[in-house]
Amino acid sequence: MITNRLDSRLSLFAPCPRGLEQILADELLALGAGDIAPTDGGVAFAGDARLMMAVNLHSRTASRVLLRLAHGGYHADQDIYRLAMSVDWPRWFDVSRTIKLKADGIAARVKSLDYIGLTVKDAICDRFRQTHQGRPSVDTRHPDVRVNVFLTADEATIYLDTSGEPLFKRGWREETGEAPLRENLAAGILLLAGYDGSQPLLDPMCGSGTFLVEAADIALNRAPGRARGFGFEALSSFDSAAWEKLQLDARKAEQPAASLAIRGSDRSQAMINIARANLERAGLADLIEVAAADVADTRPHAEHGLIVSNPPYGVRLEEQDQLAAWYPELGDWLKAHFAGWTACLFSGDLRLGKLIHLAPKRRTPLFNGSLQCRLFVINMVEGSARKQKDTGDSEIESEGGEQ
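So, how was this worked out
Residues numbered from 1 in each chain as written. Predicted model: local features only at pLDDT ≥ 70, side-chain atom pairs only at ≥ 80, totals over all residues. Heavy atoms only, no water. Helix = DSSP H or I, 4+ residues; strand = E, 2+ residues; numbered from the N terminus. Rg over C-alpha atoms; globule rule 2.2 N^0.38 Å. Buried < 20%, exposed > 50% of the residue type's maximum accessible area, 1.4 Å probe, protein only. Contact = heavy atoms within 4.5 Å. Lys, Arg positive; Asp, Glu negative; His and termini not counted. Charge placed at Lys NZ, Arg CZ, Asp CG, Glu CD. 1 Å grid on protein atoms, 1.4 Å probe; cavity = no way out; pocket = protein on both sides within 12 Å on 5 of 7 lines; lining within 4 Å. Points joined across faces, edges and corners; volume = space filled by probe spheres on them. Salt bridge = Lys/Arg side-chain N within 4 Å of Asp/Glu carboxyl O. Pairing = 2+ DSSP bridges. Right-handed = clockwise from strand over helix to strand, strands pointing away. Axes fitted to C-alpha atoms, helices over the stretch in contact; angles between N-to-C directions. Core = buried A, V, L, I, M, F, W, Y, C linked by side-chain atoms within 4.5 Å. Parallel < 35°, antiparallel > 145°, perpendicular 65-115°, else oblique. Left-handed = near helix turned anticlockwise from the far one by under 90°. Nonpolar A, V, L, I, M, F, W, Y, C, P; charged D, E, K, R; others polar.

Colleague: Summarise the overall build of the protein; cite the residues concerned and give the values.
Modeller: What the protein contains, in helices and strands, is 11 helices and 14 strands. In terms of overall dimensions, the protein is globule-like: its C-alpha atoms have a radius of gyration of 23 Å, near the 22 Å expected for 403 residues. Each of the three principal axes of the protein carries a C-alpha extent, and together these read 75 × 50 × 35 Å. A buried classification covers 51% of the 403 residues belonging to the protein. Taking as baseline every contact in the protein between residues at least 6 positions apart, the subset at least 24 positions apart corresponds to 77%. On the protein, the mean spot of the 46 positive side-chain charges and the mean spot of the 54 negative ones are 3 Å from each other.

Structural data, given as structure tokens:
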């Protein structure tokens, strides 16, 4: 449990987009976490309250930071109620704080996850009543405290959400355009691509500018959580002095604002307008150049660099047919103008790696929510770009060789 002593050991879990577990584990190691254990969709780890706050502030790829309060087996709903009653809830937060419950599960043997959420809510309220403090109120929209329950077929785990709003909400985005890429997935893709802030970077299909902002944060060493609040600030044990020190250290570690070798373009002027507004809110309007331009008209701004982009992928059959005809044109554009660059294309269309008529060096499986995707990494070496042979192998069939 968190106490007023910052050296208390906490059992923590950070979910993340599937496919980014090792990137997140590396982040946690760099921040000083212990007992790091990646699993499907997240990473378990241990540390003190200061580390918990630091992960919330600094992690680029985590979706949340969850603190484990209780864990045990169950056979019936009442077992989960008793597990929740075993937690000393008044120690964690004041009765005046509003709460929200969320229940999830994999192969959970319960009739209703929503009912399990209500069961745990009742246990929290009953535990407060035992101390004659009344009961906390529920607020499903803007709660002070969020409690998560996760069930497997025979085990239940109760977590306190120390993040509050999910961590991909950095605080700068207001306008997104259609189907925006979540910020923590975009950051993870950049890190998988090998971006460290020193290379020139281009997104020729930049949409609302998510890759551009996340790349700039990496280049300037800016903490992604610097402009938002967190759930741990509502806990009774919150150490405001320690938190202010973490924030101050993060600001001191930032690189001075200067023009960055990051460029973005999009064929839609409306999307460029949204991207510019997002860059303005992120404090990057004077550091990154964006312009309305078709992909085919976009040219490199350096001899070597990285292209990191999320090309469109169709849902309807006619859209898929159009993309199948466009992918070879995309490959021709890369070969004609970007020798010496590395193209990193993130797509939910698993045909891209074959239809672009280039040989991806890597095909990394990732998930955008529940959508299976790939990060195709293509080295554009002058004179050696070769067409991918039509072997009939699908991306899914070749997954065993992916990284």
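Moving on from the coordinates now.
Colleague: Run through the layout of surface pockets, naming residues and quoting values.
Modeller: Empty space within the largest pocket amounts to approximately 1300 Å³. Taken together, 40 residues form the lining of the largest pocket, with Phe 13, Pro 15, Gly 41, Asp 104 and Phe 150 sitting closest to its centre. Counting residues per element, the ones that place at least two in the lining of the largest pocket are strand 1 (10-15), strand 3 (42-47), strand 4 (66-73), strand 5 (99-105), strand 6 (145-151), strand 7 (155-161), helix 6 (183-192) and strand 13 (362-368). Ranked by residues supplied to the lining of the largest pocket, first place goes to strand 7 with five residues.

Colleague: Just give me the short version of the pattern of salt bridges, but keep the residues and values in it.
Modeller: On inspection of all chains with the given rule, the structure shows 18 salt bridges. Arg 222 is paired through a salt bridge with Asp 217; the nearest N and O atoms lie 2.8 Å apart. We note that Arg 222, like Asp 217, is buried. Through salt bridges that share partners, Arg 146, Glu 165 and Lys 169 make up one connected network.

Colleague: Got a sec to walk through the pairing of strand 5? Specific residues and values, please.
Modeller: Within a regular beta strand, the side chains point alternately toward one face of the sheet and then the other, so they alternate between its two faces. Pairing of strand 5 with strand 6 involves seven bridges; the strand directions are parallel. For Gly 105, the partnering residue across the bridge sits in strand 6 and is Leu 151. Regarding the hand of the β-α-β motif, the stretch spanning strand 5, helix 5 (residues 113-130) and strand 6 is left-handed.

Colleague: Please set out unusual backbone geometry residue by residue, giving values where relevant.
Modeller: Of note, Asn 221 is a non-glycine position whose phi angle comes to about 55 degrees, a positive value. Take Asn 221: it is sitting in the loop between helix 7 (210-219) and helix 8 (240-253). Positioned with a positive phi, His 357 is a non-glycine residue whose angle comes to about 60 degrees. Along the chain, His 357 falls in the loop between helix 11 (352-355) and strand 13.

Colleague: How would you summarise the sheet that holds strand 6 if you had to cite specific residues and measurements?
Modeller: Strands sit in the order 2-3-1-4-7-6-5 across an open sheet of seven strands; the sheet is mixed. Of all strands in the sheet, those with a lone pairing partner are strand 2 (34-39) and strand 5, marking the two edges. The mean inter-strand angle of the sheet, taken between neighbouring strand axes irrespective of direction, is 30 degrees. Where strand 1 and strand 4 come together, two bridges link them in antiparallel fashion. The residue bridging Leu 12 from the neighbouring strand is Leu 67, located in strand 4.

Colleague: Could you give me a rundown of the nonpolar core, with the residues and numbers involved?
Modeller: Across soluble globular proteins, nonpolar side chains have a tendency to be buried as a group. Core analysis: the largest hydrophobic core is formed by 97 residues, its most contacted members being Trp 89 and Ile 288. When neighbours within four sequence positions are excluded, Ile 288 is seen to be in contact with Leu 212, Ala 216, Leu 260, Ile 262 and Leu 279.

Colleague: Which residues make up the sheet that holds strand 14 (residues 371-379), and what values go with them?
Modeller: If you trace the seven strands from one edge of the open sheet to the other, you get 10-9-8-11-12-14-13, paired in mixed fashion. Both outer strands of the open sheet, strand 10 (289-292) and strand 13, are each paired with one neighbouring strand and no more. Direction aside, the axes of adjacent strands within the sheet are offset by 20 degrees on average. In the sheet, strand 8 (residues 201-203) pairs with strand 9 (residues 262-266) via three bridges, with the strands oriented parallel. Within the sheet, the bridge partner assigned to Leu 202 lies in strand 9 and is Arg 263. Packing against the sheet, helix 6 makes contact with strand 8, strand 11 (305-309), strand 12 (341-347), strand 13 and strand 14, and its axis sits at approximately 170 degrees to strand 13. Against the sheet, helix 7 makes contact with strand 8, strand 9, strand 10 and strand 11, and its axis sits at roughly 175 degrees relative to strand 9, the strand it touches most.

Colleague: Provide a residue-level description of the packing of helix 1 (residues 21-31) against helix 2 (residues 49-58), including the pertinent values.
Modeller: At a closest axis distance of 10 Å, the pairing of helix 1 and helix 2 adopts a crossing angle of 130 degrees. By the angle between their directions, the pair helix 1 and helix 2 is classed as oblique. Here helix 1 and helix 2 pass one another in a crossing that is right-handed. When helix 1 is examined against helix 2, the residues Glu 27, Leu 28 and Leu 31 are found in contact with a partner set consisting of Leu 51, Ala 54, Val 55 and His 58. Its residues assigned to classes, the contact of helix 1 with helix 2 comprises five nonpolar, one polar and one charged.

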